[in-house]
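Structural characterization, general
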Amino acid sequence: MKFMRGLARWSRLKQRSGALMRIARALRVFVPMLGDVTAGRYRPVPWAACGWMTAAVAYLIMPFDLIPDFLMLIGVVDDVFIVGWLLTRVDHSLAPYRRWKGIDPPDAAP
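Cut-offs and rules
- Residues numbered from 1 in each chain as written.
- Predicted model: local features only at pLDDT ≥ 70, side-chain atom pairs only at ≥ 80, totals over all residues.
- Heavy atoms only, no water.
- UniProt positions renumbered as here; feature names shortened; annotations may be inferred.
- Helix = DSSP H or I, 4+ residues; strand = E, 2+ residues; numbered from the N terminus.
- Polar contact = N/O pair within 3.5 Å; in protein donor to acceptor, adjacent residues only side chain to side chain.
- Contact = heavy atoms within 4.5 Å.
- Salt bridge = Lys/Arg side-chain N within 4 Å of Asp/Glu carboxyl O.
- Buried < 20%, exposed > 50% of the residue type's maximum accessible area, 1.4 Å probe, protein only.
- Phe/Tyr/Trp six-rings, centres within 6.5 Å; stacked < 30°, edge-to-face > 60°.

As annotated in an unreviewed UniProt entry, the protein carries the name YkvA family protein and is attributed to Chromohalobacter sarecensis. Looking at the protein in UniProt, the text filed under Subcellular location (unreviewed entry) is "Endomembrane system".

The next point concerns the environment of Arg43. Here Arg43 shows up in the loop between α1 (2-39) and α2 (47-61). Sequence spacing of Arg43 and Tyr97 is 54 residues, and the spatial spacing of their C-alpha atoms is 9.9 Å. A distance of 2.8 Å separates the side chain of Arg43 from the backbone oxygen of Val37, its partner in a polar contact.

Let us look at the side chain of Ser93. Mapped onto the secondary structure, Ser93 falls in helix α3 (residues 72-93). When near neighbours in sequence (up to four residues on either side) are disregarded, Ser93 contacts Pro46, Ala48, Ala49 and Trp52.

Turning our eyes to something else, we now look at the pattern of salt bridges. On inspection of all chains with the given rule, the structure shows four salt bridges. Between Arg25 and Asp91 there is a salt bridge whose closest N-O contact spans 2.7 Å. Taken as a pair, Arg25 in helix α1 and Asp91 in helix α3 lie far apart in primary sequence, 66 residues in all. We classify Asp91 as buried; its relative accessible area is 2%.

Here the focus is the packing of aromatic side chains. What the rule picks out here adds up to four aromatic pairs. A centroid spacing of 5.0 Å and a plane angle of 80 degrees characterise the contact between Tyr42 and Tyr97, whose relative ring orientation is edge-to-face. On the criterion of sequence distance, the pair formed by Tyr42 in the loop between α1 and α2 and Tyr97 in helix α4 (residues 95-101) is long-range, its members being 55 residues apart. The same class applies to Tyr42 as to Tyr97, namely buried. Aromatic pair Tyr97 and Trp100: ring centres 5.7 Å apart, planes at 35 degrees, arrangement tilted. Of this pair, Tyr97 and Trp100 both sit in helix α4, three residues apart, which is roughly one turn of the helix. With a relative accessible area of 2%, Tyr97 lands in the buried category. With relative accessibility at 43%, the residue Trp100 sits in the partly exposed group.

Below, the structure written as structure tokens:
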């Protein structure tokens, strides 16, 4: 029984670490992508990635939240989840750029 609970925890942790890696990769790749787009080296502009990133930044700086930040822990946790979800969408939208740049192998699925 204890083994099964430990296995379930490990599975959840593994899923979350995958999301954390996608978030980090989105943040690492987005700025160089903007440089390549503005310099004209990468032409199919990933508007979806730009939109998702704009939404993430706007959610962080706007005074409106789903749960107000003055509710100490809960107010910050909703920001982390929503911005994290938005950044995973950015990462998903940047898959063609990562393949073009050679970061992902050509046969990698997004």
